[in-house]
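The residues making up each chain are set out below.
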Amino acid sequence: MKLNKTTAGNIFLFAAFLMGQVIISVTSFAQTIIPVQTQHNALVIAAEKDKDIRIIFFGKKLADINEYKLLQGAYKQTEEYTGLASSVYTPSGSRNLLEPAITVTHADGNNSLDLRYVSHRQIKVDDNVSILSILLKDPVYDFQVTLFYKSYFREDVVEQWSEIKHGEKDKVILQKYASANLHIKAKSYWLNQYHGDWAKEMQPEESRLTHGIKTLDSKLGTRANLFQPSVFMISLDKPATEEEGNVLYGALEYSGNFKIDLEVDYQDNLRIIAGINNYASPYTLKPGETFTTPAFLYTFSDKGKGNASRQLQSWARNYKLLNGNGDRLTLLNNWEATYFDFNETKLAELIKDTKKLGVDLFLLDDGWFANKYPRNDDRAGLGDWQENRKKLPDGISSLVKEAQGNGVKFGIWIEPEMVNPKSELYENHPDWVVKQPAREEHYFRNQLVLDLSNPKVQDFVYGIVDNLFTKNPELSYIKWDCNAVIYNAHSAYLKNQSHFYIEYMRGLYNVLKRIRTKYPSVPMMLCSGGGGRVDYAALQYFTEFWPSDNTDPLERIFIQWEYSYFYPAISSSNHVTDWGKQPLKFRTDVAMMGKLGFDIVVSKLSANDLRFCREAIASYKSLKDVIWHGDQYRLASPWENDVASLMYVNAERRRGVVFNYLVSNRYGAGSKLPVKLKGLDPLRKYRISEINLYPGTYSSLENGQLYSGDFLMNVGFNPQVNSGRASVVFQIDEEL
Ligand code: DGJ
């Protein structure tokens, strides 16, 4: 039976109209059409009992759901071969000869798998969220896969994952176990991918996909995104721009090794297979055990990249990021002010400076712990989480009190997954360390990774956080760092080394879950020597992430720009530091585009610098709601213009803020043309006023002038950025 034969006969609709959202299956005699629909898009699946099950459409949804049944006639292909190329979850070892989503070795040693449609179910979680599950079974072996599609209607986002299970007589080896398998039809496919390194995160690269497989992956174990994150974009037919084009954003919600295969097949379709990287990780599945993959996340926009990122950002704030719609703390961090060199007196001064600056919290960074091997540099002490008696004779609790006395909060840095060989932890528990028993140790930043697959190590790591809070209930913030990748992957605890990478991540998530059960709302920053670790599985437990150790503001404009495609501004910790050549105003203006913090020596600021910072922090506090919870529009790209512009508007379109930066130092570089604003109401009137003026300087803008939204969006507004005004921030307020 050919699945794409036009179906005749009785077609009936089963439609559930629930609170404005429609979940529909269209069933004919032979086949069921199952659309996964969101506000604007659809992924359409054709299923037939006991037969192959295929994706027949992905893109902007049709107005009339009945027409999905006509799709098969629209795409004429060699029918015999299309069935498995467009499979919803491609098995291997039977009729499929393309890249599989799943490969198994059955209990009897047989390597073949065939997955046929059995049934599906759609559940409405609430007025916005639905979950479709599709059960697939092998007709020969007692082996099944359930595919899950969790769709967020308003945000146009889908999370897809799989559950794998069997009832065979003995264990089955999962050689490959993807989260999702998509199939897309277009004339051409343009991949926007990212690569990076320490201080060079999120470097974009766009190229046309050619036939064959392009793989994005990581095998680093921890800090998995250091060289390449799993986030990517695929434009269909031509590269999408900010405002135009069909574009899919994808990302794996996983903090460990990942693998995303993008295969342009022999019939010019794009197959995307995304999941945990099966590198060195065949998984032994016991009868009755369920293997649940992480979710692969995607959103599609037919209105370009800007729309796709706003969809993703609202989804993240509403559903993923911890306290995504809530508040955040501005802070002063001491890392670059002191590095490891501090004592109680110095910290007491910094705490006073925190108050003087006008931020909410003082964050004590690396170097506060370890006694036998004091943490005076990065070669010793990691793992020994007792206060260093020389530096802090009165402990953390006295610092917390000092902060309270100054009316500010106190936060602390930890790197709980790691150990220096020069530490008591290493001496006492060599079996807790990830290393090959018979090989020489190999270090990354002089450290090794703890074996989180071991429940005792999980207890230890949980205990670090729990002890800090038990002893210091007023502690208000944690910066959780992770500065090493995994070399010599081996666990002294695990019997099956092939499970190591997976069990490490399970261990990490167990710890984070336990922390969040006891401390549900304390803000935590996800840091990994920069942005080597951010992803949406981790962000369920964290309120923010550290994009990069590179805080040179010019570099940051580019790095933050690229992160902004995938992560909301409220999650991006941006600190003003002494990196770079730009003046303090420029550095502060750039850091204000996300969650503002400082890492400078406040006592060395001139009176004007301090005044500027205090006023900028006050402006930030009045605008933070717009920056953190508003819609973001990238107006002018730093890659293409002398002046980069980015704006935020609140949901009511009453208030906005626009950041403009000179990113070229060529002669005469500056804003020659007005920048067209976005997201305003054309019929309303807005007043513009420049903020963050350095003391003694004046705005050259016509401050206070009223403009219609129509004017600002069609003609635009010139921020008059030039070498004398290298960064300009202005706010927009509706005239009521
Ligand atoms: C790497 C982080 O990215 C820095 O901000 C700082 O916390 C250091 N680690 C401390 O060792």
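Just above, that's the structure.
Remember, it's a predicted structure, so these values are computed and weren't measured experimentally.

1. What to know about the pattern of salt bridges
Here is step 1 of the chain: Across all of its chains, the model carries 43 salt bridges by this definition.
Here is step 2 of the chain: Aspartate 52 is the salt-bridge partner of arginine 95, the closest N and O atoms lying 2.7 Å from each other. In this pair, arginine 95 sits in the loop between α2 (79–85) and β6 (102–105) while aspartate 52 sits in the loop between β4 (41–47) and β5 (54–60), placing the two residues 43 residues apart along the sequence.
Here is step 3 of the chain: Residue classification places arginine 95 among the partly exposed positions, given a relative accessible area of 41%.
Here is step 4 of the chain: Between arginine 379 and aspartate 377 there is a salt bridge; the shortest N-O distance is 2.8 Å.

2. Brief notes about unusual backbone geometry
Here is step 1 of the chain: A positive phi is found at aspartate 268, a non-glycine position, where the angle reads about 70 degrees.
Here is step 2 of the chain: Inspection of the secondary structure assignment puts aspartate 268 in the loop between β18 (258–264) and β19 (269–276).
Here is step 3 of the chain: Judged by its relative accessible area of 40%, aspartate 268 falls in the partly exposed class.
Here is step 4 of the chain: The backbone of alanine 370 shows a phi angle near 80 degrees, a positive value even though the residue is not glycine.

3. Focus: the pairing of strand β36 (residues 685–691)
In the case of a regular strand, side chains alternate between the two sheet surfaces.
Here is step 1 of the chain: The sheet contact formed by β36 and strand β37 (residues 706–708) spans three bridges and is antiparallel. Paired with lysine 685 across the two strands is serine 708, which belongs to β37.
Here is step 2 of the chain: Inspection of the sheet shows β36 paired to strand β38 (residues 727–734) by six bridges, in the antiparallel sense. Within β38, the residue paired with isoleucine 691 across the bridge is valine 729.

4. Considering the site of the ligand
Here is step 1 of the chain: As a structural note, the neighbourhood of the ligand is formed by 13 residues, with Asp365, Asp366, Lys479, Asp481 and Asp549 the closest of them.
Here is step 2 of the chain: Within the side chain of lysine 479, an N or O atom sits 2.8 Å from an oxygen atom of the ligand.
Here is step 3 of the chain: Within the side chain of tryptophan 546, a nitrogen or oxygen atom sits 3.5 Å from an oxygen atom of the ligand.
Here is step 4 of the chain: Tallied by class, residues from the shell around the ligand come to four nonpolar, three polar and six charged.

Cut-offs and rules
Residues numbered from 1 in each chain as written. Predicted model: local features only at pLDDT ≥ 70, side-chain atom pairs only at ≥ 80, totals over all residues. Heavy atoms only, no water. Salt bridge = Lys/Arg side-chain N within 4 Å of Asp/Glu carboxyl O. Helix = DSSP H or I, 4+ residues; strand = E, 2+ residues; numbered from the N terminus. Buried < 20%, exposed > 50% of the residue type's maximum accessible area, 1.4 Å probe, protein only. Pairing = 2+ DSSP bridges. Near = heavy atom within 4 Å. Polar contact = N/O pair within 3.5 Å; in protein donor to acceptor, adjacent residues only side chain to side chain. Nonpolar A, V, L, I, M, F, W, Y, C, P; charged D, E, K, R; others polar.

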